[in-house]
Amino acid sequence: MIYITRKEHFNAAHKMYRDEWSPEKNAEVFGKCANPNWHGHNYNLFVTVKGEITYATGYLIDLKDLKVIINDYVIEKLDHKNINLDVPFMKGKMASTELLCIEIFNQLKAPIEANEGVFLHSVKLYETENNSAEYFGG
């Protein structure tokens, strides 16, 4: 089995808050991330697929095809958007890196696995250089 990873990038804004909490409690729990005027990140996304190499082509999946899937199902929906307000697959969910990572995985699983013998292994999302989340499905 071979594992192939594609890196993509997007910029997006969000804030961490709960409407039912006071501004003070949101600030206490989420700190600067609860800024009422939002804040943004330059996200790095790593999508890893796995499977067996097709010997006729020498690869698992054409990376151009993988790039198109990631772009169509994730990047176009997130890049230069407000995660809390503009992204349908995040509607009603906390815009944490952890939940965003899970939802990106969910967006990619079916279109990636429509390619015969290709399976989505993981999604790793860097919010900052030092903070990331990784999801393997479940």
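Scroll up a little and you will see the structure.
Residues numbered from 1 in each chain as written. Predicted model: local features only at pLDDT ≥ 70, side-chain atom pairs only at ≥ 80, totals over all residues. Heavy atoms only, no water.

Chemist: Before we go on, may I ask you to explain the state of the cysteines in this structure?
Modeler: Joining two cysteines, a disulfide is a covalent bond between their sulfur atoms. Inspection of the entire model under this criterion finds zero disulfides. Not part of a disulfide, C33 finds its nearest cysteine sulfur in C101, a span of 17 Å. On the basis of relative accessible area, C33 is assigned to the partly exposed category, the value being 29%. Looking at C101, the relative accessible area reads 1%, which means it is buried. (Disulfide = S-S within 2.5 Å. Buried < 20%, exposed > 50% of the residue type's maximum accessible area, 1.4 Å probe, protein only.)

Chemist: Mind showing me how you'd approach the packing of aromatic side chains here?
Modeler: Two aromatic rings, taken as a pair, are described by how far apart their centres are and by the angle between their planes. In the structure shown here, the tally under the stated rule is five aromatic pairs. Here F105 and Y135 contribute two aromatic rings whose centre-to-centre distance is 5.1 Å and whose plane-to-plane angle is 85 degrees, an arrangement assigned as edge-to-face. With F105 in helix α4 (residues 97-113) and Y135 in strand β5 (residues 132-135), this residue pair connects regions lying 30 residues apart in the sequence. Under the relative-accessibility criterion, F105 is labelled buried at 4%. Looking at K15, its charged tip hangs above the ring of W38, at a distance of 4.5 Å from the centre. In this structure, R18 packs its charged tip against the face of W21, placed 5.8 Å from the ring centre. (Phe/Tyr/Trp six-rings, centres within 6.5 Å; stacked < 30°, edge-to-face > 60°. Helix = DSSP H or I, 4+ residues; strand = E, 2+ residues; numbered from the N terminus. Lys NZ or Arg CZ within 6 Å of the ring centre and 35° of its normal.)

Chemist: What is the right way to read the pairing of strand β2 (residues 39-51) from this model?
Modeler: Within a regular beta strand, the side chains point alternately toward one face of the sheet and then the other, so they alternate between its two faces. Of the pairings in the sheet, the one linking strand β1 (residues 2-14) to β2 comprises 13 bridges and is antiparallel in character. Paired with N11 across the bridge in β2 is N42. (Pairing = 2+ DSSP bridges.)

Chemist: Explanation requested: the sheet that holds strand β3 (residues 81-82) in the structure shown.
Modeler: Sheet strands associate in pairs through backbone hydrogen bonding, adopting either a parallel or an antiparallel arrangement. With mixed pairing, five strands are arranged side by side in an open sheet as β3-β1-β2-β4-β5. Strands at the two margins of the open sheet, each flanked by one partner only, are β3 and β5. Contacting β1, β2 and β3, helix α2 (residues 63-78) crosses the sheet at an angle of about 20 degrees to β1. Contacting β1, β2, β4 (118-126) and β5, α4 runs over the sheet at an angle of about 155 degrees to β4. (Contact = heavy atoms within 4.5 Å. Axes fitted to C-alpha atoms, helices over the stretch in contact; angles between N-to-C directions.)

Chemist: Just checking my understanding: could you explain the environment of V74 for this structure?
Modeler: With respect to the helices, strands and loops of the structure, V74 is situated in helix α2. When its relative accessible area of 0% is taken as the criterion, V74 is described as buried. In the structure, V74 is positioned 13 residues away from V87 in sequence and 9.7 Å away in space, judged by C-alpha atoms. In this view, V74 contacts L45, I69, I104, Q107 and L108; residues no more than four positions away in its chain are not counted.

Chemist: Whenever I open this one, the pattern of salt bridges confuses me. Can you help?
Modeler: Two side chains with opposite charge may pair up if their charged atoms get near one another. The full count for this structure, using the stated rule, is four salt bridges. In this structure, R6 and E8 form a salt bridge, with 2.7 Å as the shortest nitrogen-oxygen distance. Overall, the relative accessible area of 14% leaves E8 in the buried class. (Salt bridge = Lys/Arg side-chain N within 4 Å of Asp/Glu carboxyl O.)

Chemist: I'm lost on the environment of N42 in this one. Help?
Modeler: Topologically, N42 is positioned in strand β2. We classify N42 as exposed; its relative accessible area is 52%. Between the C-alpha atom of N42 and that of H9, which follows or precedes it by 33 residues, the distance is 7.2 Å.

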